[in-house]
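Survey of secondary and tertiary structure
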Amino acid sequence: MGWVEELSEIVEVFSPSDAYAYDETPPLIAPKPVQNFVVVKPENANEVSAVLKFANRRKISVFTRGGGTGLSGGAVPTEEGIVLSTERMTGLEVDRENRVAECGAGVTLKQLDDAAFKNDLSFPLHPGAETATVGGMIATNAGGVRALKYGTMRNYVLGLEVVLADGRILELGGKTIKNSSGYSILHLLVGSEGTLGIITRAKIRLFPQLRDMTVLAVPFPTMDNAMDCVVEISARMLPLALEFMEKRAVEIGERVSGEKWVSRDGEAHLLMVFESFDEADEAAKIAQNFGAIDVYAATTKKDRDRLLRVRGLIYEGLRKDIIEILDACLPPAKIAEYWRRSNELAEKYGVDIITYGHAGDGNIHQHPLIYDGWEKSYFEFRKELLKLAVSFGGVISGEHGIGAVKTSELREFFPEQFDLMRRIKLLFDPNNILNPGKVVGKI
Ligand SMILES: Cc1cc2nc3c(=O)[nH]c(=O)nc-3n(C[C@H](O)[C@H](O)[C@H](O)COP(=O)(O)OP(=O)(O)OC[C@H]3O[C@@H](n4cnc5c(N)ncnc54)[C@H](O)[C@@H]3O)c2cc1C
């Protein structure tokens, strides 16, 4: 790495360490990091620009890293090069009059939430781990449990400051809620996973604070009952969250949280969150009409938190035992049928999958458990499973991104789009220095 000395004349350079080599992608599926990388921690767009001008001239790869909570290996350095961490870009101001947070890319979700709250506003999404950064959430178009009512990260990005591969600094959008001013380069950057440019600042839309919440916990005898209920409720109102869990997922959530769910009976369970008690009341009646075993309403904070913890800790209980967490997104009314067909496919391959997810928006999290000899058959199963999701009109990732782990499926299932994406990538980054190998694969 003969270029490191030259780089250190531009910016402070840090030695590589594991803290910058991995993200939260489950280890069996995660890309292997290289050892020959260095870390830089620029403080602003000008410093990022200087690093990129140098890297572009010398054709050195740059891997942008936010909080490292990604689940697709996007931030992992997979070639010799530079890891550019946004951890020092933490400026954060709230413009209350215009309901906008102006954030450095390295501001965390928790910091954004707290700043909004202090200003009597809210950032209504909860699109990632609390240490995820604004830059990372934008770069993956993160979603989370409130997407049904409040959309995904894309719906909150009003403005971006972005540094292109050749070091040019672009200002996109602003504080306006509407923008019909030609092609949206801003929205091309949302979900670009560090391959088109480096986001250094963002203007994020804020909302009024959420009203009181009512949580319903509802076990159903079958997945079909539960999903028919979801379809009907979603046609009548927009819950803040509408989550489903298969029975085993509930049991894991109970074990890890130490909390008790309402019942262990039933194949499928719904957790619904409403901002209005009247809606919760109507939803409870609908649930009863669709064969609910029981309808439990939690109105106190303590009770609500207990139920939310059961759902919230399932992944924690599963993470050591899984090959990965899949996140296909389907037309919501197809979930029950897809779930059944997935289980049939899994049985054929001898794979055991545990499933829960965002029933209201169709984003389903499937967790294949590790089994002996998984390397031999798993990838074929995985491809069949994602193909099944696409055959239902779905997409292969609803919120975690393509990163390093789904490029071949993106290419195979969406060849025309993949080709266009590659051409766009090369238009932004002709030397392919930004996160090479990710999203659109090796070029
Ligand atoms: C416990 C847990 C819960 C999670 N829950 C959710 C959830 O509910 N919903 C959801 O959508 N995701 C969830 N995630 C996944 C993860 O939190 C999101 O993908 C998040 O958006 C990643 O942000 P990050 O800052 O950690 O990004 P990183 O992991 O650091 O990077 C992710 C990608 O973004 C790129 N990137 C990062 N910063 C920038 C930047 N400034 N400019 C350009 N590119 C950049 C990286 O190169 C990489 O490709 C969860 C993860 C964990 C571990």
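Residues numbered from 1 in each chain as written. Predicted model: local features only at pLDDT ≥ 70, side-chain atom pairs only at ≥ 80, totals over all residues. Heavy atoms only, no water.

The subject of this paragraph is the site of the ligand. In the neighbourhood of the ligand, 35 residues make up the surrounding shell, with Thr64, Gly66, Gly67, Thr69 and Thr133 lying closest. The contact in question runs from an oxygen atom of the ligand to an N or O atom on the backbone of Gly74, over 3.4 Å. Protein contacts shield 91% of the accessible area of the ligand, which totals 980 Å² for the unbound molecule. With 4 residues, the top contributor of residues to the shell around the ligand is helix α4 (residues 134-139). A per-class count over the shell around the ligand returns 11 nonpolar, 20 polar and 4 charged. Counting contributing residues per domain, the shell around the ligand is built from domain 1 (4-87) and domain 2 (92-208), each supplying no fewer than three. (Near = heavy atom within 4 Å. Polar contact = N/O pair within 3.5 Å; in protein donor to acceptor, adjacent residues only side chain to side chain. Areas by Shrake-Rupley, 256 points an atom, 1.4 Å probe, with all protein chains shown as cover. Helix = DSSP H or I, 4+ residues; strand = E, 2+ residues; numbered from the N terminus. Nonpolar A, V, L, I, M, F, W, Y, C, P; charged D, E, K, R; others polar. Domains from an automatic or database assignment.)

Each strand in a sheet pairs with its neighbour through backbone hydrogen bonds, running either in the same direction (parallel) or in the opposite one (antiparallel). Pairing is antiparallel in the open sheet, where 6 strands are placed in the order β15-β12-β14-β13-β16-β17. The open sheet has two free edges, formed respectively by β15 (296-298) and β17 (363-368), since each of these has just one partner strand. Within this sheet the neighbouring strands show an average axis-to-axis angle of 15 degrees, counted without direction. The strands that helix α12 (residues 335-349) touches are β13 (241-246), β16 (353-358) and β17; relative to β16, the one it contacts most, it runs at about 160 degrees. (Pairing = 2+ DSSP bridges. Axes fitted to C-alpha atoms, helices over the stretch in contact; angles between N-to-C directions. Contact = heavy atoms within 4.5 Å.)

For strand β6 (residues 100-104), the tally of buried residues reaches 5 of 5 residues, placing the bulk of the element in the interior. The alternating pattern of β6 places Val100, Glu102 and Gly104 and Ala101 and Cys103 on opposite faces, both of which are buried. Across 4 bridges, the pairing between strand β5 (residues 92-95) and β6 is antiparallel. Note that in β6 the partner of Asp95 across the bridge is Val100. (Buried < 20%, exposed > 50% of the residue type's maximum accessible area, 1.4 Å probe, protein only.)

For Leu330, the position within the fold is in the loop between α11 (314-318) and α12. Classification of Leu330 by relative accessible area gives buried; the value is 3%. In the structure, Leu330 is positioned 277 residues away from Lys53 in sequence and 41 Å away in space, judged by C-alpha atoms. If near-sequence neighbours (up to four positions away) are discounted, Leu330 is found in contact with Ile335, Tyr338, Asp361, Gly362, Ile364, Ala389, Phe392 and Gly394.

We now examine the environment of Ala280. The residue Ala280 is located in helix α9 (residues 277-289) in this model. On the accessibility criterion, Ala280 (2% relative accessible area) is buried. In the structure, Ala280 is positioned 45 residues away from Ile325 in sequence and 30 Å away in space, judged by C-alpha atoms. Contact partners of Ala280, with chain neighbours within four places excluded, come to Thr214, Leu216 and Phe274.

Here we take up the side chain of Asp303. In this structure, Asp303 sits in helix α10 (residues 301-312). Judged by relative accessible area, Asp303 falls into the buried class, the value being 18%.

For the rest of this paragraph, the subject is the packing of helix α7 (residues 223-236) against α12. Contact geometry for α7 and α12: axes closest at 8 Å, N-to-C directions at 155 degrees. When the axis of α7 is compared with that of α12, the two are roughly antiparallel. Of the residues in α12, those touching α7 at Met223, Asp224 and Met227 are Ile335, Ala336, Trp339 and Arg340. A class-by-class count of the residues in the contact of α7 with α12 yields 5 nonpolar, no polar and 2 charged. (Parallel < 35°, antiparallel > 145°, perpendicular 65-115°, else oblique.)

Enumeration according to the criterion identifies 31 salt bridges in this entry. Close ionic contact of Asp281 with Lys285 constitutes a salt bridge, the shortest N to O distance being 3.2 Å. With Asp281 and Lys285 both in helix α9, this residue pair falls 4 residues apart, about one helical turn. Residue Asp281 is classed as partly exposed on the basis of its relative accessible area of 35%. (Salt bridge = Lys/Arg side-chain N within 4 Å of Asp/Glu carboxyl O.)

What follows concerns the nonpolar core. Within the largest apolar cluster, 57 residues are counted, with the highest numbers of intra-cluster contacts made by Met272, Tyr338 and Phe381. Mapped onto this core, the elements with two or more residues apiece are β12 (214-220), α7, β13, β14 (268-274), α9, α12, α13 (374-391) and α14 (407-413). Built from parts of two domains, this core gets at least three residues from each of domain 3 (214-316) and domain 4 (322-400). For Phe381, the contacting residues outside a window of four places in its chain are Leu345, Ala346, Tyr349, Val351 and Ile353. One finds Leu125, Val215, Ala217 and Leu271 within the second-largest nonpolar core, a separate group that totals 55 residues. (Core = buried A, V, L, I, M, F, W, Y, C linked by side-chain atoms within 4.5 Å.)

The next point concerns the side chain of Lys41. Counting through the fold element by element, Lys41 comes out in the loop between β2 (37-40) and α2 (45-58). Lys41 sits in the buried class, given a relative accessible area of 13%. A polar contact of 3.3 Å, which involves the side chain of Lys41, links it to the side chain of Tyr20. Contact partners of Lys41, with chain neighbours within four places excluded, come to Glu12, Phe14, Tyr20, Ser85, Glu87 and Arg88.

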